[in-house]
Amino acid sequence: MAGWIEKTPQAAQTYLEGRRLDEVECIISDLPGIARGKAVPASKFDRQDYFHLPDSIFYQTITGGWGEAAGADGFIERDMILRPDMSTATAAPWTGDWTLQVIHDAFDREGVPVPFSPRNVLKRVCELYRKKGWKPIVAPEMEFFLVARNLDPAQDIKPMMGRSGRPAAARQAYSMTAVDEFGPVIDDIYDFAEAQGFEIDGITQEGGAGQLEINLRHGDPVKLADEVFYFKRLIREAALRHECFATFMAKPIMDEPGSAMHIHHSLVDIERGTNLFSGPGGGETDAFYHFIGGLQTHMPAALAVMAPYVNSYRRFVKDHAAPINLEWARDNRTTGIRVPLSGADSRRVENRIAGMDCNPYLAIAASLACGYLGMTTEIRPAKQFKGDAYEGDGDIPQVLGQALDLFEAAEDLHAVLGTEFARVYSIVKRAEYDEFLQVISPWEREHLLLNV
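Since we're looking at a predicted model, the values are computed, not measured. Each chain carries its own residue numbering, running from 1 in the direction its sequence is written. Two thresholds apply to this predicted model, a pLDDT of at least 70 for residue-level local features and 80 or more for giving and counting side-chain atom pairs, whereas whole-chain, interface and lining totals are computed over all residues. As a rule here, side-chain values come from all non-hydrogen atoms in the structure, and water together with hydrogens is ignored.

### Let's talk about the overall build of the chain
For the record, the criterion: Per the convention used, a helix needs a DSSP run of H or I reaching at least four residues, while a strand needs a run of E reaching at least two, with both numbered from the N terminus. All radius of gyration figures rest on C-alpha atoms, and the globule criterion is 2.2 Å times the number of residues raised to 0.38. Every residue pair with non-hydrogen atoms within 4.5 Å of one another is taken to be in contact. Computed by Shrake-Rupley with a 1.4 Å probe, the accessible areas treat only the displayed protein chains as cover when residues are assessed. Just so you know, the count uses Lys and Arg for positive and Asp and Glu for negative, and it drops His and the chain ends. Charged side chains are reduced to one point each, which is NZ for Lys, CZ for Arg, CG for Asp and CD for Glu.
Of regular secondary structure, the chain possesses 12 helices and 15 strands. Against the globule reference of 22 Å for 452 residues, the chain gives a C-alpha radius of gyration of 22 Å, in line with a compact fold. Sequence separation of 24 or more characterises 72% of the internal contacts of the chain that already satisfy a separation of 6 or more. Here the chain displays about 20100 Å² of accessible surface, and carbon together with sulfur accounts for 51% of that area. Charge centroids of the chain, computed over 46 positive and 65 negative side chains, lie 2 Å from each other.

### Here's the deal with the pairing of strand S3 (residues 51-54)
The following threshold applies: Only protein chains enter the accessibility calculation, which uses a 1.4 Å probe; a residue whose area is less than 20% of its type maximum is buried, one above 50% is exposed, and one in between is partly exposed. Pairs of strands are assigned from DSSP output, requiring at least two bridges between the strands.
Of the two faces of S3, the one holding Phe-51 and Leu-53 is buried and the one holding His-52 and Pro-54 is not buried anywhere. Looking at chain direction, S3 and strand S4 (residues 79-84) are connected through four bridges and run antiparallel. Within S4, the residue paired with Pro-54 across the bridge is Asp-79.

### Observations regarding the nonpolar core
The tendency in soluble globular proteins is for nonpolar side chains to be buried as a group. The test is simple: Residues grouped as a nonpolar core are buried Ala, Val, Leu, Ile, Met, Phe, Trp, Tyr and Cys residues, joined through side-chain atoms within 4.5 Å.
Core analysis: the biggest nonpolar cluster contains 129 residues, and Ile-214, Phe-231, Ile-235 and Leu-413 have the highest contact counts within it. If you tally residues by element for this core, the top one is helix H7 (residues 286-306), at 13 residues. Not counting chain neighbours up to four residues away, the residues in contact with Phe-231 comprise Met-142, Ala-193, Phe-198, Ile-200, Ile-214 and Leu-216.

### Thoughts on helix H6 (residues 221-240)
Rule in force here: The span expected for a helix works out to 1.5 Å for each residue beyond the first. Any pair of nitrogen or oxygen atoms within 3.5 Å is treated as a polar contact; in protein, a donor-acceptor pairing is required on top of that, and neighbouring residues in sequence qualify only through side-chain atoms on both sides.
Look at H6: 29 Å from first C-alpha to last across 20 residues, which is about the 28 Å you get at 1.5 Å a residue. Extensive coverage of H6 is indicated by the burial of 15 of its 20 residues. The N-capping residue of H6, defined by a side-chain oxygen 3.1 Å from the backbone nitrogen of Val-222, is Asp-220.

### Some remarks on the pattern of salt bridges
To keep things clear, this is the line we draw: A side-chain nitrogen of Lys or Arg and a carboxyl oxygen of Asp or Glu constitute a salt bridge if their distance falls within 4 Å.
Scanning all chains against the criterion turns up 22 salt bridges. For Asp-105, the salt bridge identified is with Lys-123, shortest N-O distance 2.8 Å. With Asp-105 in strand S6 (residues 99-107) and Lys-123 in helix H3 (residues 118-131), the pair connects residues that are 18 residues apart, well separated along the chain. For Asp-105, a relative accessible area of 8% corresponds to the buried category. Judged by its relative accessible area of 32%, Lys-123 is partly exposed. In this structure, Arg-119 and Asp-226 form a salt bridge, with 2.8 Å as the shortest nitrogen-oxygen distance. Linking Arg-119 in helix H3 with Asp-226 in helix H6, this pair joins segments that are 107 residues apart in sequence.

### Some words on the pairing of strand S1 (residues 23-29)
Burial of S1 is extensive: six of the seven residues sit out of reach of the surface. Sheet topology places S1 next to S6; five bridges connect them, and they run parallel. Counted as the bridge partner of Glu-25 is Gln-101 from S6. Two strands pair when backbone bridges link them, and S1 and strand S2 (residues 35-41) are joined in this way by seven bridges, in the antiparallel orientation. Paired with Ile-27 across the bridge in S2 is Gly-37.

### Comments concerning helix H5 (residues 183-196)
Its 14 residues give H5 an end-to-end C-alpha distance of 20 Å, which sits within 8% of 20 Å, the value for a rise of 1.5 Å per residue. For H5, the full list of buried residues reads Gly-183, Val-185, Ile-186, Asp-188, Ile-189, Phe-192, Ala-193, Ala-195 and Gln-196. Count one or two residues on from H5 and you reach Gly-197, which has phi positive near 80°.

### Re the packing of H5 against H6
Spelled out, the test is: What counts as an axis is a line fitted to C-alpha atoms, over the stretch in contact for a helix, and the angles between N-to-C directions run from 0 to 180 degrees. Under this scheme an angle from 65 to 115 degrees is roughly perpendicular, one under 35 degrees roughly parallel, and one over 145 degrees roughly antiparallel; angles in between are oblique. We call a crossing left-handed when the near helix sits turned anticlockwise from the far one by less than a right angle, and right-handed when that turn is clockwise. For this classification, Asp, Glu, Lys and Arg are treated as charged, while Ala, Val, Leu, Ile, Met, Phe, Trp, Tyr, Cys and Pro are nonpolar and the rest, including Gly, are polar.
Their axes nearest at 9 Å, the elements H5 and H6 cross at an angle of 140°. With respect to their mutual orientation, H5 and H6 come out oblique. Judged by the sense of rotation from one axis to the other, the crossing of H5 with H6 is right-handed. Each of Val-185, Asp-188, Ile-189, Phe-192, Ala-193 and Gln-196 in H5 lies in contact with H6, whose residues at this interface are Tyr-230, Phe-231, Leu-234, Ile-235, Glu-237, Ala-238 and Ala-239. For the contact of H5 with H6, the class distribution of residues is 10 nonpolar, one polar and two charged.

### Structural notes on the layout of surface pockets
It is the rolling of a water-molecule-sized probe over the atoms that shows where space remains empty. What counts, and what does not: The definitions used throughout rest on a 1 Å grid laid over the protein atoms alone, on which a cavity is an enclosed set of points accommodating a 1.4 Å probe that cannot get out and a pocket is an open set flanked by protein within 12 Å on both sides along at least five of seven lines; lining residues are those having an atom within 4 Å of a point. Grid points are joined across faces, edges and corners, and a volume is the space filled by probe spheres set on the points.
When its volume is computed, the second largest pocket comes out at roughly 840 Å³. Forming the boundary of the second largest pocket are 42 residues, of which Glu-141, Asn-215, His-264, Arg-338 and Glu-350 lie nearest the centre. Counting residues per element, the ones that place at least two in the lining of the second largest pocket are strand S7 (134-148), strand S8 (200-205), strand S9 (211-216) and strand S11 (261-269). For the lining of the second largest pocket, the residue count by class is 15 nonpolar, 13 polar and 14 charged.

### Focus: the environment of Ile-379
Along the chain, Ile-379 falls in the loop between helix H8 (360-376) and helix H9 (400-409). Residue Ile-379 is classed as buried on the basis of its relative accessible area, which comes to 16%. A C-alpha to C-alpha distance of 17 Å links Ile-379 and Arg-338, two positions 41 residues apart in sequence. When near neighbours in sequence (up to four residues on either side) are disregarded, Ile-379 contacts Tyr-289, His-290, Gly-293, Gly-294, Thr-297, His-298, Leu-373 and Gly-374.

### Considerations on a nonpolar patch on the surface
Rules: Nonpolar side chains (Val, Leu, Ile, Met, Phe, Trp, Tyr) are joined into patches within 5 Å and like charges within 9 Å, using only residues with over 30% relative accessible area and no salt bridge.
A surface patch of nonpolar side chains, amounting to about 360 Å² of accessible area, comprises Trp-443, Leu-448 and Val-452. If you trace the backbone, Val-452 turns up in the segment after helix H12 (442-448).

Rendered as structure tokens:
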């Protein structure tokens, strides 16, 4: 693979200018979104066109357990062929030597994409759009908390200590003073992002204690999912440099807001290069309404992908910054589906349901799949909601088990995401859920031990 560095993005080449590359991290996202792979000397990467990992990495739960998802041949851990996508090569600027990361795609030995690899799932959905003559555009917003180091899982998570020497304060949304409290961490986030060639559209203080939001520029869904995948690691590394943790849990602190990954969607007509959500006169099109109708109809079944853990459902609390239903409205942050203020060229639909604990490839794929089903079957949405949607009823699953029931029955959604992906995902998530149900919580010990 000689000369491969010349095929990498300019940011990677600039990072290495005048330096000798020491190591390449060959990585791929598993179902939770953890980077799996191998670190190899640069000289070895020069000589390899691919490397192997067992397909069992996609059967592993977040706790390190295993779902019995291997299929009829049993748990034999077949080797996959992982090939680098050199367009994803980027620096790992927190390492002690000169290192690049490269995301790989997974194939079987016949060269067929592995159907339950998250990046392949998203590529599959984007290809369905392309065959219709549509190009999806997305823009993710990432919310996360900077918290004090937590070395004992039995202890509550607490806000980090700010630059002033005081713990980060809640209910200071959009405060620049609050952002300044985390200045050294944010400086490193910006520096790492610049070294990796990522463009941050903005950083703001959110409503929680130590909660921040990073907005990314809109673009291709796979590219943006790659960036979120990289950003999670980047932000964690920046936090560790300053004696705190970055967490992407959906609800890390009781009585504080949860963390979402809002997803903005628009569609481009490939032939004309125009926004499919806007007509010639600038009005809203049938495609716009059908996309919203698809989100309203199919997101309850897709929620197990967008809210993948038991903790995810603690975020959906009335009057606490997260939606409780799938109403839609223009410029209304209480609804699950929001149409932001924009001109006709940039008309878009925002999905406010997904949690930041999601796998970005899978959450974006699932959201696009819902919209695709709405457009291809011409689903009309409910009437636009007026007022405070928290005054309405909740219409989304309240626990992971309920969400999995809906996901497992959603054959139309499986057909878009891939039936083999749906099979493996369901088995792995059920295994995780069963693991959780075996745990006795502090609440149970406090209130049941001596009172029942």
